[in-house]
Number of protein chains: 2
Amino acid sequence: MSDRSGLKAGNGKTSAWCMHNGWRWPEGLSGPAVETKVKQQTLRKLSNGVYVLTARCADRYGAATVSWVSQASFKPPLLMAAIRRESNVFKCLTASGTAVLHILSDRQQEIARRFFSPTHAGGGTLNGEPFAEGRTAAPILTNLPAHVECQVEQIVDTNGDHALVILRVIAAQCRASFRPLTIADSPWEYGG
Amino acid sequence: MSDRSGLKAGNGKTSAWCMHNGWRWPEGLSGPAVETKVKQQTLRKLSNGVYVLTARCADRYGAATVSWVSQASFKPPLLMAAIRRESNVFKCLTASGTAVLHILSDRQQEIARRFFSPTHAGGGTLNGEPFAEGRTAAPILTNLPAHVECQVEQIVDTNGDHALVILRVIAAQCRASFRPLTIADSPWEYGG
C-alpha cells in the first residue's frame, strides 16, 4: 500500500486507483463510506482562492475567511459565494444587503488566519486589521491588495449546508501586481 | 508611467494605485469606463481552476472547458457552476439533467484547449478525447485524472450573462496524486 505513484491494478491491467488518507483501492472496490470519501477527496481537487468577506449591519460587524467563491457573470458583474448560514458575516450581509470581498496576496496567510476566529471590532480594526468606510455599509480592510464592493442580488434556496449568495459588484479597487493566495498554496483545507 | 512596483502617489503620500494595460492611476481618479476596467481587472484576481464539463442528451453531446466552478455544500455535496447559456453542454445538461465535471492536471493544457472548440463526437471520442459510459447519460473522458458525476439540482434564474447551475455530486473518481490545472498556471483568461 506504500506505492502511491502508479496506475496499475494488481491484475496487471492498467486501471485507475482511488486514494484516501494514504490508502488506495481499485475503482471497482466500493461501498457507501468509501464513495463518500472519494467524493470528498475529489472535490478537494477543485481550485479555490482564499478571501475575506466582510459586512456590517448597524453596529454589528461580520468578517470571515471564505473560499467557495467564483465569478458568475460579466454583464452585470456577478459573483456567487457559498457561505455558512450561521456565520456572523452571513447574518450581516442579509440584513444590510451589502458585502465586501477582499482578495489576499500569497504573503497574507496570517491575515486569513485572523478571520477564522469570531469577529471582534474595536479601535478602527476588525480582528486587529484596520478598516475604512467604502461606498456601502460594509467595511474595507485596508491592508489587503484588492477588493470588490457588492450588493446582495439574491440568496438562493438550495438544500445544501451553505447559503448560496449572488453578489453584484458595484465598485472595485486593486493595487499593483500581486499573486493571489489560494487554498493550494496554504496549509489549509476548507472544512465548512 | 513605467514604474509598476510602488504604492506611492505623486504627492509623496502612500496610496493605492489602480492599474490596467500598463497604465496606472491613483484610486481617486475615476469615471465609468475606468471603473468597469478596474472591476474586470480585480475579478481576474479571483482564483479559478480549469475543468471540462460534459453532458449528453440522446445522440447529442456537449463538452466545454469551463472555469467558473466551486463547491457549494458538503452535505449533500453540491457544486455551483456558471455556464454560457448558448453552449451545447448547457443545452445537453438541461435536457438530460446530468453532467460530468472533469478536473485536469497541470500537464493537460492541450486537452483543455481542445474543448474551446465546438463539440465533435465520433469513434468513441469527443474532440479527439476518448470517453466511456458512467452512471449517468453524461460521458466520462478517460484521460483526465478526476471527475465528478452530477445530477442537475437547479438552474438559478439570475440577471447575469451566464446560467447558474447547481449540481449534486452522485459519484466521483480520482487517480493518484496530481496537481490540478488552474487559470493562473495557464496562458488564458476566461472571456465568456
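Residues numbered from 1 in each chain as written. Chains lettered and ligands numbered in written order. Predicted model: local features only at pLDDT ≥ 70, side-chain atom pairs only at ≥ 80, totals over all residues. Heavy atoms only, no water.

Note on the identical chains: chain A maps onto chain B by a rotation of 180° and an axial translation of 0.0 Å, with an RMSD of 0.0 Å. Overall, the copies show the geometry of a two-fold rotation axis. In this assembly, 100% of the residues forming the interface of chain A have copies in chain B that are likewise at the interface, indicating an isologous arrangement. (Least-squares fit on C-alpha atoms with pLDDT ≥ 70 in both. Contact = heavy atoms within 4.5 Å.)

What follows deals with the side chain of A:Asn127. All names here are of chain A. Tracing the sequence through the fold places Asn127 in the loop between strand S9 (125–126) and strand S10 (129–132). Taking the relative accessible area as the measure of exposure, Asn127 reaches 13% and is therefore buried. Excluding residues within four positions of it along the chain, Asn127 makes contact with Arg114, Phe115, Ser117, Pro118, Thr119 and His120. (Helix = DSSP H or I, 4+ residues; strand = E, 2+ residues; numbered from the N terminus. Buried < 20%, exposed > 50% of the residue type's maximum accessible area, 1.4 Å probe, protein only.)

Interface size is commonly expressed as the accessible area that is lost once the parts come together. Opposite the 70 residues of chain A that make contact, chain B presents 70 residues. Of the roughly 5500 Å² buried between chain A and chain B, counting both surfaces, carbon and sulfur atoms make up 63%. Applying the counting rule to chain A against chain B returns two salt bridges. B:Arg135 serves as the salt-bridge partner of A:Glu35, at 2.6 Å between the closest nitrogen and oxygen. For the side of chain A that touches chain B, the secondary structure elements donating two or more residues are strand S1 (17–20), helix H1 (32–43), strand S5 (69–73), strand S6 (78–84), strand S7 (98–103), strand S12 (146–156) and strand S13 (162–174) of chain A. The leading source of residues in the side of chain A that touches chain B is S13(A), at 10 residues. (Buried area = accessible area lost by both parts, 1.4 Å probe. Salt bridge = Lys/Arg side-chain N within 4 Å of Asp/Glu carboxyl O.)

This brings us to the pairing of strand S13 (residues 162–174) of chain B. All names here are of chain B. Burial runs high along S13: 10 of the 13 residues are buried. Sheet topology note: the strand S6 (residues 78–84)/S13 ladder contains seven bridges and is antiparallel. Looking across to S13, one finds that Ala82 is bridged to Leu164. In this sheet, S13 lies alongside strand S12 (residues 146–156) in antiparallel orientation, the contact comprising 10 bridges. Across the sheet, Ala146 pairs through a bridge with Cys174, a residue of S13. Connecting S12 to the antiparallel partner S13 that follows it, the hairpin turn spans five residues. (Pairing = 2+ DSSP bridges.)

This part takes up the sheet that holds S13(A). Residue and element names in this part refer to chain A. Strands sit in the order S4-S3-S7-S12-S13-S6-S5 across an open sheet of seven strands; the sheet is antiparallel. Because the sheet does not close on itself, it has two edges, and the strands there are strand S4 (60–66) and S5. Here the average twist between neighbouring strands, direction ignored, is 35°. Strand direction decides the pairing type here: S7 and S12, joined by six bridges, are antiparallel. In the sheet register, Ile103 faces S12, and the bridge partner there is Ala146. With respect to the sheet, helix H2 (residues 88–96) is in contact with strand S3 (51–57), S4, S6, S7, S12 and S13, its orientation differing from that of S3 by roughly 50°. (Axes fitted to C-alpha atoms, helices over the stretch in contact; angles between N-to-C directions.)

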